[in-house]
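One-letter residues, chain by chain:
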Amino acid sequence: MNRTEFIIVTAIILFVAFLAGWFAHWVLHRFNRVSQSDMNELEKIATALHEAEETRDQAITYLHQREAELTGKISQAEAELNAAMDGLRASRHEAEELRAYIEAHTKA
């Protein structure tokens, strides 16, 4: 094979490789084409997802507010319970003192 034949064979091989690559690109582009209806559906899905995320954020905000409110009510209820228990303890102590005083004066 002389130099001219080698150049011609190389050119033919490169041209065939170019055609094969172009054909592969055309086939892939043909199968991967996105239609307008698919784009519209994707747009609807994106809108629905955005609305769902906003609803979720609002729900989380509401839950945090509700949790803070209930925590405050629990703290208030615990404070009232502690005050009532202290009052009951003082009343029991006073009642015991009165019983002891009455028993001491009735025996005497």
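Anything mentioned here points back to the structure above.
The structure presented is a predicted model; accordingly, all values stated were derived computationally and were not measured.

Reading the values: rules and limits
Residues numbered from 1 in each chain as written. Predicted model: local features only at pLDDT ≥ 70, side-chain atom pairs only at ≥ 80, totals over all residues. Heavy atoms only, no water. Helix = DSSP H or I, 4+ residues; strand = E, 2+ residues; numbered from the N terminus. Rg over C-alpha atoms; globule rule 2.2 N^0.38 Å. Buried < 20%, exposed > 50% of the residue type's maximum accessible area, 1.4 Å probe, protein only. Lys, Arg positive; Asp, Glu negative; His and termini not counted. Charge placed at Lys NZ, Arg CZ, Asp CG, Glu CD. Salt bridge = Lys/Arg side-chain N within 4 Å of Asp/Glu carboxyl O. Patch = residues over 30% accessible without salt bridge, like charges linked within 9 Å, V, L, I, M, F, W, Y side chains within 5 Å. Areas by Shrake-Rupley, 256 points an atom, 1.4 Å probe, with all protein chains shown as cover.

### Focus on the overall build of the protein chain
Looking only at helices and strands, one finds 2 helices and 0 strands in the protein chain. For the protein chain, whose C-alpha radius of gyration is 44 Å, the value lies well above the compact-globule estimate of 13 Å for 108 residues. Seen through its principal axes, the protein chain has C-alpha atoms that stretch 145 × 40 × 15 Å. Every one of the 108 residues in the protein chain was classed for burial, and the buried ones make up 0%. The centroid of the 11 positive side-chain charges in the protein chain is displaced by 5 Å from the centroid of its 17 negative side-chain charges.

### A look at the pattern of salt bridges
For the structure on display, the rule yields 5 salt bridges. Asp57 serves as the salt-bridge partner of Arg56, at 3.0 Å between the closest nitrogen and oxygen. Since its relative accessible area comes to 47%, Arg56 is described here as partly exposed. Of the residues examined, Asp57 reaches a relative accessible area of 38% and is grouped as partly exposed. When the shortest N-O distance is used, the salt bridge between Asp86 and Arg89 registers 2.8 Å. Of this pair, Asp86 and Arg89 both sit in helix α2 (residues 36-107), separated by 3 residues, roughly a single helical turn.

### Re the environment of Arg66
Relative to the helices and strands, Arg66 resides in helix α2. In sequence terms Arg66 and Thr106 are 40 residues apart; their C-alpha atoms lie 59 Å from each other.

### Re a nonpolar patch on the surface
On the surface, Phe15, Phe18, Leu19, Trp22, Phe23 and Trp26 cluster together to form a nonpolar patch covering roughly 710 Å² of accessible area. Structurally, the position occupied by Phe15 is in helix α1 (residues 3-31). On the basis of relative accessibility, which here comes to 49%, the residue Phe15 falls in the partly exposed class.

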